[in-house]
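# Breakdown of the fold
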Amino acid sequence: MAYMHIGKDFVPPDVIGKVTGRIKYAEDYTREGMVYARLLTSPIPHARVLDIDASEALAMEGVFGILTADEVYPDGEPQSTGLKILTNEPTLVGEPILALAAVDEKTAESAIAAINVTFERLPFVLDPLDSLQEGGPNAFVGGNTFGQQGFTEAKWSSDQVASFRAGNAPAEDAPTTGPIPTFSIGDLEAGFAAAEDGFVYEGSFTTAGYPHHSMEPRSAMAYWEDGKLYLHGTSQSLTALANDMAGIIGVAKEDLVFINAATGGGFGQRARAGSIPSMAIPAKMSQKLNRPVMMRITREEEFTIGGARQGFQGWIKVGFRPDGVMSACDIFVVSDNGGKGGGADAFSAADCISILYQTEAVRFRGASVATNTAHRGAQRGPGQNQIAPIISPIMDVAADALGMSRLDIRVVNSAQTGDVGGPQGTPLTSAYMPEALRQAADAFDWEGRETRRRQRSGSKVTGLGIGQGYHNAGRSGMDGIVMMGADGRLKIHSGVGNLGTYSYAATSRAAAEVLKMPWDRCDIVTGRTDNHLPITSPQDGSNSIFTNTRTCYGAAMDMVAKMKEIAAADLGGEPADYDISEERVHQIADGSVGMTYAEVAQRAMELGGKYTGEAELPEELHEWTQIAASRLAGSAFMGIYHDPAHSNNPPGFTVTCTEIELDLETGKYEILDMVSIGECGTVVHPQGLKNQLVGGAVWGIGLSALERHLYDPQNGLPASTGYWQSKVPTYLDTPVKIDTGWVDLPDPENPVGARGIGEPSQGSVSAALTAAITDALDGHIFGAAPITTDMIINHIAGTQEDAVALAQNNFRG
Amino acid sequence: MQPVNPQLTRRRFIKGVIASGAVAGTTSLWYAANGQSRPAGAVERMIRLNVNGQDRTVDVAPQETLASTLRYKLGLTGTKLGCNRGECGACTVLVDDIPTYACSVLTHSFKNGRIETVEGLEAPDGTLHPVQQGFVDALGPQCGYCTPGQVMAAVGLLRANPNPTREEARMGLAGNICRCGSYDSYLDGVMRAAEIG
């Protein structure tokens, strides 16, 4: 289909501000009379605050006041595991206990040093298996898990834990716990029976949890004016986050102005207000002191409250029939759920296997256990990406054992349109994995390079890897608003956050497409909620491009329908007799009979009522959108839309091929070449898609090779609070060039055919890189992510790196 | 491989930091920079800095980092603080054409230096610097927080080596982290900038 905007590159409005430094992040704002807040955080991993003596601090010159948990939670702290604004019951080192505001930050820090906090030390635990073991410490006073029944205690016998640590299959009756502790698809026994003449793999695995480390620390500045709270903050999802942040702060939605023109990186932990409640601190401190309050967050604090991936310690058994079909997968995962609750990563990992490999029978069991480490939650492909580097080498050893090519075994097991997946057997809206595999293989010359596989050159050996990634990539049920004034310009109101994907702009182009508007005649209205923006879905889960093209498209369609009604009423005929082109609504039969957009907008404002949002609004509009619409009503011609629920699962898929050269003397390797292909429906914004593919590639390299989450076992102190210790990939850890491409076939559940891509782009690279390392080492499966240089050199030297099996998910190697 | 900028080596950078008395990695330094309570002692506080071609007289505390001065005294908030401990490069500015981590050097060290920040690159008529234009053409930035530092590192590179290979560009920008992982697009932008010249 020939589009005017979809599939074409453009200059997003904010990119000029980014290259000139003009665009402002929360920390760049200042306001007259602004004071500075600093945090007193817990120095111990699990404690109870018995007493706070701030008398000396409060008497210091330049100190304005403190804010404590008792003040922000006058009715008591929420009895849940989630992050709190402030707490008297810290469950990890670095959790904010109180905030102090002063004339400057030095004074604030000096005053904090003068505060005496009396803690009662409580038992702490860093390894979920230590907590699972009978008699082991719990991360929370109430237990080591949290569910609908509140805190509970999950325990295994010492023998069960010891057996699991040794890499053995968990017992059939091994206790499970967590958000989604089990599911089963198909006949597992029959699946493994079918694999008896094929190939069966069984082994343990670990994956590291590691922090987001977004470049912008989650600083925030707040002030109150005329009863309204103005909050400069950071977020992945502008209105979705503001909507819930109002509740956390305790301010009416209509009285919160959330200002967020740009966000310095969001990979899951800035999507929802519950994962960033620290922004409520300057808001509440400002309310208390009646002054603007800036709270800057340090890199160390960002590590602590910035969220991290769940680490896995697991066991997996996979069966393949002689024809290569994955007939059964049995997986058990003990997840490290951190000190502030987390997610259902392990469930998502098993769900991913079911969808990505179309496995005939899958059984998932898991135990999600709290530890006194950084809080866990959404992070780029939670579950799907942890399992990607674990499963990919298994596919390869199966292919070798069955005499198949590693490409073919993936084609045999790939998802296609009409397939279903997951525990509910949900149909995929569309799927073109075989096409993606073929496109990647062709672009990489996979067959041609196979001759170089495991080729030696001195101490160096070549490894080839191919990997796949998946994430559910689309939601619905949100709202859209477009406006047009007498100048005929199209104003697209977008509540989509500006986290660096440019999806706020790319999705807006769906509205321009419907109205056939030149892009330079369109304005995206966004950046602060008093611009009256519709609700969006939290921008996690690769959903934005799917979710918000639907709303923008729908709002523009509503405007087109109203244009035709107005033209028909004024110029004669029926609305169906009219069409739009070149910023005019005109009769189909006689194009000279019509009105310009400027004229029809002017007429709409004269007519009022539904044409300007003063009547007949969609009944299902979200409360947040209702507030926005009520404030826009009567000001201009309005198109407004509530998007109904879509059907089925819109998947995002990626395929990556890579070649590495591994030095057997040092254990180090260089990534010589990499190709990543996206299978995400119609391409809306090629440069944006390319950026997601290469960005995901860097994250995939971090997952497979580098990133760590280390804690001092004696005191529970985090040891990877910075970029260096955490080992975020740099230019030199990544290939000098990453080639990208896309399948570009439309999805029927989206009006422009688009699906999301952000998360699978990491998984496929991680899978391919791990497969390449395995290949270079003659098929040795580490069952780990990351695979560090030490692990490689130990293996080459014949030292049993597996001797430390499952000791600690983040400490392996 | 030859250093991209023979004047800039890691050793030289570290020696510079030590010589300036900065102690990277301490949060107290960063916040101390905003306080005014410490007596100036023998150190002159009102100093003249040449920033983006203009002489600016600024009241600078003895322990103040260049990043603090630029951001909080001169309002040049394009210089970002990602880590404030010399790891990420978001605060990169040019001092006498050499990319420098502004979070890890003391302002007093540069009384005679020529300091350039991202705000100083655009022409008066608004024309973008070739590096800025190259980054726009290649859509180098994602979240944009590291972008000013990447821009300044690239400007420093191209002044020392106007026609780098992609590998040389990679080495030249290696001190700047991008958590979004936009390295490939930034390198596309540098190569484009070299073309635009």
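Cut-off values and rules
- Residues numbered from 1 in each chain as written.
- Chains lettered and ligands numbered in written order.
- Predicted model: local features only at pLDDT ≥ 70, side-chain atom pairs only at ≥ 80, totals over all residues.
- Heavy atoms only, no water.
- Helix = DSSP H or I, 4+ residues; strand = E, 2+ residues; numbered from the N terminus.
- Buried < 20%, exposed > 50% of the residue type's maximum accessible area, 1.4 Å probe, protein only.
- Areas by Shrake-Rupley, 256 points an atom, 1.4 Å probe, with all protein chains shown as cover.
- Pairing = 2+ DSSP bridges.
- Contact = heavy atoms within 4.5 Å.
- Axes fitted to C-alpha atoms, helices over the stretch in contact; angles between N-to-C directions.
- Domains from an automatic or database assignment.
- Buried area = accessible area lost by both parts, 1.4 Å probe.
- Salt bridge = Lys/Arg side-chain N within 4 Å of Asp/Glu carboxyl O.
- Nonpolar A, V, L, I, M, F, W, Y, C, P; charged D, E, K, R; others polar.
- Polar contact = N/O pair within 3.5 Å; in protein donor to acceptor, adjacent residues only side chain to side chain.
- 1 Å grid on protein atoms, 1.4 Å probe; cavity = no way out; pocket = protein on both sides within 12 Å on 5 of 7 lines; lining within 4 Å.
- Points joined across faces, edges and corners; volume = space filled by probe spheres on them.
- Phe/Tyr/Trp six-rings, centres within 6.5 Å; stacked < 30°, edge-to-face > 60°.

## With respect to the overall build of chain B
Counting secondary structure elements, chain B contains seven helices and five strands. Secondary structure elements of chain B occur, N-terminal to C-terminal, as α-α-β-β-α-β-β-β-α-α-α-α. By the burial criterion, 60% of the 197 residues in chain B qualify as buried. Taken as a whole, chain B presents about 7400 Å² of accessible surface, with 51% of it coming from carbon and sulfur.

## Examining the sheet that holds strand β30 (residues 739-742) of chain A
Residue and element names in this part refer to chain A. Strands sit in the order β19-β20-β28-β29-β30 across an open sheet of five strands; the sheet is mixed. The open sheet has two edge strands, β19 (456-457) and β30, and neither has a second partner. When strand β28 (residues 651-663) meets strand β29 (residues 669-679), the two strands line up antiparallel, connected through ten bridges. In the strand pairing of β29, Thr-658 is matched with Met-674. This element, helix α22 (residues 760-776), spans β20 (460-472), β28 and β29 of the sheet and lies at about 155° to β20.

## With respect to the domain arrangement of chain A
All names here are of chain A. In terms of domains, chain A is made up of domain 1 (31-122), domain 2 (311-474 + 648-804) and domain 3 (475-642). The C-alpha-based centres of domain 2 and domain 3 are spaced at 40 Å. In this assembly, 20 residues from domain 2 lie in contact with 14 residues from domain 3. Summing both partners gives a buried area of about 1300 Å² for domain 2 against domain 3, and 64% of it is carried by carbon and sulfur. When the buried area of domain 2 at its contact with domain 3 is split by residue, Gly-474, Val-684 and Pro-751 rank highest and sum to 32% of it. On the surface where domain 2 and domain 3 come into contact, there are zero salt bridges. Looking at the side of domain 2 that touches domain 3 residue by residue, the classes come out as eight nonpolar, eight polar and four charged.

## Overview of the domain arrangement of chain B
Residues and elements named next belong to chain B. By domain assignment, chain B separates into domain 1 (10-120) and domain 2 (130-196). Our count for the domain 1 to domain 2 interface comes out at two salt bridges. With a closest N to O distance of 2.7 Å, Arg-159 and Asp-97 form a salt bridge. For the pair domain 1 and domain 2, the number of links is seven residue pairs in polar contact (both at pLDDT 80 or more). Secondary-structure elements contributing two or more residues to the side of domain 1 that touches domain 2 are β3 (92-95), β4 (98-101) and β5 (114-116). Take the side of domain 1 that touches domain 2: its biggest share by element is three residues, from β3. Residues of the side of domain 1 that touches domain 2, tallied by class, amount to eight nonpolar, five polar and five charged.

## Structural notes on the layout of surface pockets
All names here are of chain A. As a volume, the second largest pocket reaches approximately 740 Å³. Surrounding the second largest pocket, 40 residues form its lining, Ala-344, Ser-348, Pro-382, His-471 and Arg-475 being those nearest its centre. Looking at the lining of the second largest pocket, the elements with two or more residues in it are α11 (345-356) and β20. Broken down by element, the residue count for the lining of the second largest pocket peaks at five residues, all from α11.

## Some points on the packing of aromatic side chains
Residues and elements named next belong to chain A. The full count for this structure, using the stated rule, is 17 aromatic pairs over all chains. The interplanar angle of 55° and the centroid separation of 5.2 Å between the aromatic rings of Phe-140 and Phe-151 together place this pair among those described as tilted. Taken together, the residues Phe-140 in the loop between α5 (128-132) and β6 (145-147) and Phe-151 in strand β7 (residues 150-152) connect sequence positions eleven residues apart. Phe-140 gets classed as buried once you look at its relative accessible area, which sits at 7%. Classification of Phe-151 as partly exposed rests on a relative accessible area of 25%. By the ring-pair criterion, three or more aromatic residues cluster together here, those being Phe-140, Phe-146 and Phe-151.

## A look at the interface of chain B and chain A
Between chain B and chain A, the contact holds 61 residues from the first and 67 residues from the second. Across the interface of chain B and chain A, roughly 5000 Å² is buried in total on both sides, 56% from carbon and sulfur atoms. Here chain B and chain A share ten salt bridges between them. Across the pair A:Glu27 and B:Arg71 runs a salt bridge, and its minimum N-O distance is 3.9 Å. Applying the counting criterion to the chain B and chain A interface returns 37 residue pairs in polar contact (both at pLDDT 80 or more). Where the side of chain B that touches chain A is concerned, the elements lending two or more residues are α2 (27-32), α3 (66-73), α4 (130-137), α5 (147-160), α6 (166-172) and α7 (183-196) of chain B. No other element matches α7(B), which puts six residues into the side of chain B that touches chain A. Residue composition of the side of chain B that touches chain A, by class: 28 nonpolar, 20 polar and 13 charged.

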